[in-house]
Amino acid sequence: MTAQALPMKKRVGKTRGDQIFDIILYTVAVLMVIVALYPMYFIIIASVSDPNLVAQGDILFLPRRMTLEGYKYLLSMGNLWTGYGNTILYTLAGTLIMLAVNLPVAYALSRKDLVGRKFFTLFFVFPMFFSGGLIPTFIIVNNYFHLLDTFTVMVLPFSVITYYIIVARTFFQNNLPAELWEAAQIDGCGNLRYFFQVVLPLSKAIIAVIALWAAVGHWNSYFNALIYLRTGEKYPLQLVMRNILINNEVVATQMTGSAAAEMNKKVNLIKYGAIVVSSLPIMTMYPFVQKYFNQGVMIGAVKG
Amino acid sequence: MRGYHGIGLWQRIRRNAGLYLLMLPAIIIFICFTYLPMYGIVIAFKDFRPAAGILGSRWAGFKYFTKYFSSYMFGNTIRNTLVISLYTILVTFPLPIVIALMCNQMNAKRFKKFYQVSTYLPHFISTVVMCGMIVLFLSPSNGVLPKLMSLIGVKMGDLMGMPRAFSSIYAWTEVWQHVGWDSIMYIAALSAVDPQLYEAAVVDGANKWQKILYIDLPLLIPTAIVLFILRSGSVMSVGFEKVYLLQNDLNLSSSEIISTYVYKMGLKSSQYSYSAAIGLFNNVVNFVLLLTVNTIANKMGNTSLF
């Protein structure tokens, strides 16, 4: 359509300048894709190649002398799989709680006829600007609610997320016409029934966005576990990963005589493998659900 | 609202009782775990003993603030926090704009999609894995980056052990991980350009470069300014998670920031009141910064957080 509106000579072909522009554009873009993807690609090939070759720097572009030793060892690491299981539990429970807690607030705040709307909005937004800080929060959670080292502390206390509320509220404001509520009211439908039977079924897009954000957040977080958990059996995957990757606990537990030297070579192989195993669920899921993430950012960008 | 005129306040509240019920769980959670800790801040002015509780502990005035202000860690932690933070803001800021402009110029639909997906992807790596990758890649004995650099004849030392390399490592890995993702806002803004503008520009003989310079860039500048101002409001709150994981004994002199110091003082050596005082100081500075910045952003454009 646009092409027809243009003068004849512009339709024939690009100018030379534009051709050069395109060449530069795509070259730079390809380089950026390589920079973005290569580190992740390297992790994968290093996790299946001979660790000696990796250490010498011989593995840069293709895997060589393939080995599954690293993964075999990972299979035998009980704490990694306990962590995996814990993270799945925390992620499922935590995501459900976040949906159950934040979506209703977002809907209530989206209603213009809510008495005290300004007050409640401020109540939920204020902590974005000022908070008790680490130590007072720790003391309240530990000394007053006795939640240290419990399952609850991983899924409940920090489940109200102001940003999710703002994004969902904007969505409700823009997508639910006021006439719909008025019609439902005339039919004798109360607020609660309206929320559960009309609002939620119409809001699958925003539910998906919040659920995905919450799930990725739970899967990737280690801070709460670091502060509030004490026993290893409750550790989520990320805390186990931190012990493997940063605190080098693979070696520490295996330090016995001559086996230690042999082990040392394998440590990095195990680390590369652990990175692959721990990131796999999110990385494989991401390309299929990325449009929801983008939608969410854009809904959030439009201020309500 | 108009329809409710003439109805009493109490009736208006009662009519929407269900809405308050919907908010109740979140309100309870927020009071318990967000607002109660704000009250707990008073321990910064007390000699907190767990056995005595928050109320029962003795008042200590500004003792712990003075202690922090006069300790050598005061200057150190503030300087490190500011250096890491400002450096990161400066280098992570321009690239998302460039990425968005590039995306906007791509006519090859499938490649554009691939370009977006692959630049967004690092955003989803967890902080722990990211830091593990940094340590592995930079290892002087068998890291892949020193190996790649030696191919082009550059010798790299042990970067993780060099205090002066810390802020660069932090900031540039942030660039790698988040610039693609941060470009989404700009891409959204560009998609709002009226196609007629481009057509008019083409008729006037503009090339692609000129279209970027005179149509796209001016359009993005207001968004960019507001985002930049908002970012600088959080200058005192560098992420604890990544800095803490990248710290080691060798680089500590330039990697100890306020939040990691608060964590170590409070939870590692149980100096609750001292640590709470440092945390409060940091929070107040942050709060003032955010308010200032919000006011500026309000004046510049019509975007604000309130």
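A quick note: this is a predicted structure, and the numbers were derived from the prediction, not measured.

Asks: Before we go on, may I ask you to explain the overall build of chain A in this structure?
Replies: Per the secondary structure count, chain A includes 17 helices and zero strands. Counting over 304 residues, chain A shows a buried share of 51%. By element, 66% of the accessible surface of chain A is carried by carbon and sulfur atoms, the whole surface being about 14,400 Å².

Asks: How do you make sense of the interface of chain B and chain A when you look at a structure like this?
Replies: How big an interface is tends to be stated in terms of accessible area lost as the parts join. Each side of the interface is counted separately: chain B has 97 residues, and chain A has 101 residues. Carbon and sulfur atoms make up 79% of the surface buried where chain B meets chain A, a total of about 9,100 Å² over both sides. Applying the counting rule to chain B against chain A returns one salt bridge. Of the charged contacts in the structure, one is a salt bridge between Asp 22 of chain A and Lys 208 of chain B, with a shortest N-O distance of 2.9 Å. Between the two partners, chain B and chain A, sit 18 residue pairs in polar contact (both at pLDDT 80 or more). For the side of chain B that touches chain A, the element with the most residues is helix α2 (residues 17–40) of chain B, which contributes 19 residues. When grouped by side-chain class, the residues that make up the side of chain B that touches chain A number 71 nonpolar, 19 polar and seven charged.

Asks: So what exactly am I meant to see when it comes to the confidence of the model for chain A here?
Replies: Interpretation of this model should avoid reading the predicted coordinates in detail wherever pLDDT is low. Averaged over all residues, the pLDDT of chain A equals 87, while 89% of them reach at least 70. Of the regions scoring below 50 in pLDDT, residues 1–12 of chain A engages in six contacts with residues more than four places distant in sequence or in other chains.

Asks: What is the right way to read the side chain of Ser 167 of chain B from this model?
Replies: On the secondary structure map, Ser 167 of chain B appears in helix α10 (residues 166–182). Look at Ser 167 of chain B and you get buried, because its relative accessible area is 13%.

Asks: Mind showing me how you'd approach the confidence of the model for chain B here?
Replies: Residues and elements named next belong to chain B. Here chain B shows a mean pLDDT of 88. Residues at 70 or above account for 96%. Within chain B, α2 carries the highest mean pLDDT (95), whereas helix α13 (residues 208–232) carries the lowest (84). The ipTM, which scores confidence in the relative placement of chains, is 0.88 for this predicted complex, and the corresponding pTM is 0.89.

Asks: Got a minute to help me understand the domain arrangement of chain B in this structure?
Replies: Residue and element names in this part refer to chain B. Each domain of chain B was delimited in the assignment, giving domain 1 (2–61) and domain 2 (64–300). Inter-centroid distance (C-alpha atoms) of domain 1 to domain 2 is 34 Å. Taking both partners together, domain 1 and domain 2 bury about 660 Å²; carbon and sulfur atoms supply 70% of that area. Linking domain 1 with domain 2 are zero salt bridges.

Asks: What should I look at first to understand the side chain of Asn 283 of chain B in this one?
Replies: Mapped onto the secondary structure, Asn 283 of chain B falls in helix α17 (residues 272–300). Contact partners of Asn 283 of chain B, with chain neighbours within four places excluded, come to Phe 130, Ser 131, Gly 132 and Gly 133 of chain A.

Asks: Any chance you could explain the nonpolar core here in plain terms?
Replies: Counting residues in hydrophobic clusters, the biggest one holds 188 residues, and the most contacted among them are Phe 124 and Phe 172 of chain A together with Met 23 of chain B. Top contributing element to this core by residue count: helix α17 (residues 258–301) of chain A, with 13 residues. Setting aside anything within four residues of it in sequence, one finds Phe 172 of chain A in contact with Leu 103, Ala 106, Tyr 107, Ser 110, Val 199, Ser 203 and Ile 206 of chain A.

Asks: Any chance you could explain a nonpolar patch on the surface here in plain terms?
Replies: Taken together, the side chains of Leu 192 and Phe 196 of chain A together with Leu 21, Leu 24 and Ile 28 of chain B make up a nonpolar region of the molecular surface, amounting to roughly 450 Å² of accessible area. Only α12 (191–202) of chain A together with α2 of chain B provide two or more residues apiece to the nonpolar patch. Here the element with the most residues in the nonpolar patch is α2 of chain B; it accounts for three residues. Along the chain, the position of Ile 28 of chain B falls in helix α2.

Asks: I tried to follow the domain arrangement of chain A on my own but got confused; where do I start?
Replies: Residues and elements named next belong to chain A. Domain boundaries in chain A define domain 1 (13–67) and domain 2 (78–301). Each of domain 1 and domain 2 has a C-alpha centre, and these two points are 33 Å apart. Taken together, the contacts link ten residues of domain 1 with seven residues of domain 2. Here domain 1 meets domain 2 over a buried area of about 700 Å², counting both sides, of which 81% is carbon and sulfur. Where domain 1 packs against domain 2, one counts zero salt bridges. For the pair domain 1 and domain 2, the number of links is zero residue pairs in polar contact (both at pLDDT 80 or more). Broken down by element, the side of domain 1 that touches domain 2 gets its largest block of residues, six residues, from helix α3 (residues 16–47).

Asks: Can you walk me through the environment of Leu 80 of chain A in this structure?
Replies: Residue and element names in this part refer to chain A. One can find Leu 80 in helix α6 (residues 78–110). Assessed through its relative accessible area of 1%, Leu 80 is described here as buried. Residues Leu 80 and Thr 15, 65 residues apart in the sequence, show an inter-C-alpha distance of 58 Å. Not counting the four nearest positions on each side in its chain, Leu 80 is found in contact with Leu 74, Leu 237, Val 240, Met 241 and Ile 244.

Rules used throughout
- Residues numbered from 1 in each chain as written.
- Chains lettered and ligands numbered in written order.
- Predicted model: local features only at pLDDT ≥ 70, side-chain atom pairs only at ≥ 80, totals over all residues.
- Heavy atoms only, no water.
- Helix = DSSP H or I, 4+ residues; strand = E, 2+ residues; numbered from the N terminus.
- Buried < 20%, exposed > 50% of the residue type's maximum accessible area, 1.4 Å probe, protein only.
- Areas by Shrake-Rupley, 256 points an atom, 1.4 Å probe, with all protein chains shown as cover.
- Contact = heavy atoms within 4.5 Å.
- Buried area = accessible area lost by both parts, 1.4 Å probe.
- Salt bridge = Lys/Arg side-chain N within 4 Å of Asp/Glu carboxyl O.
- Polar contact = N/O pair within 3.5 Å; in protein donor to acceptor, adjacent residues only side chain to side chain.
- Nonpolar A, V, L, I, M, F, W, Y, C, P; charged D, E, K, R; others polar.
- pLDDT = per-residue confidence, 0-100.
- Domains from an automatic or database assignment.
- Core = buried A, V, L, I, M, F, W, Y, C linked by side-chain atoms within 4.5 Å.
- Patch = residues over 30% accessible without salt bridge, like charges linked within 9 Å, V, L, I, M, F, W, Y side chains within 5 Å.

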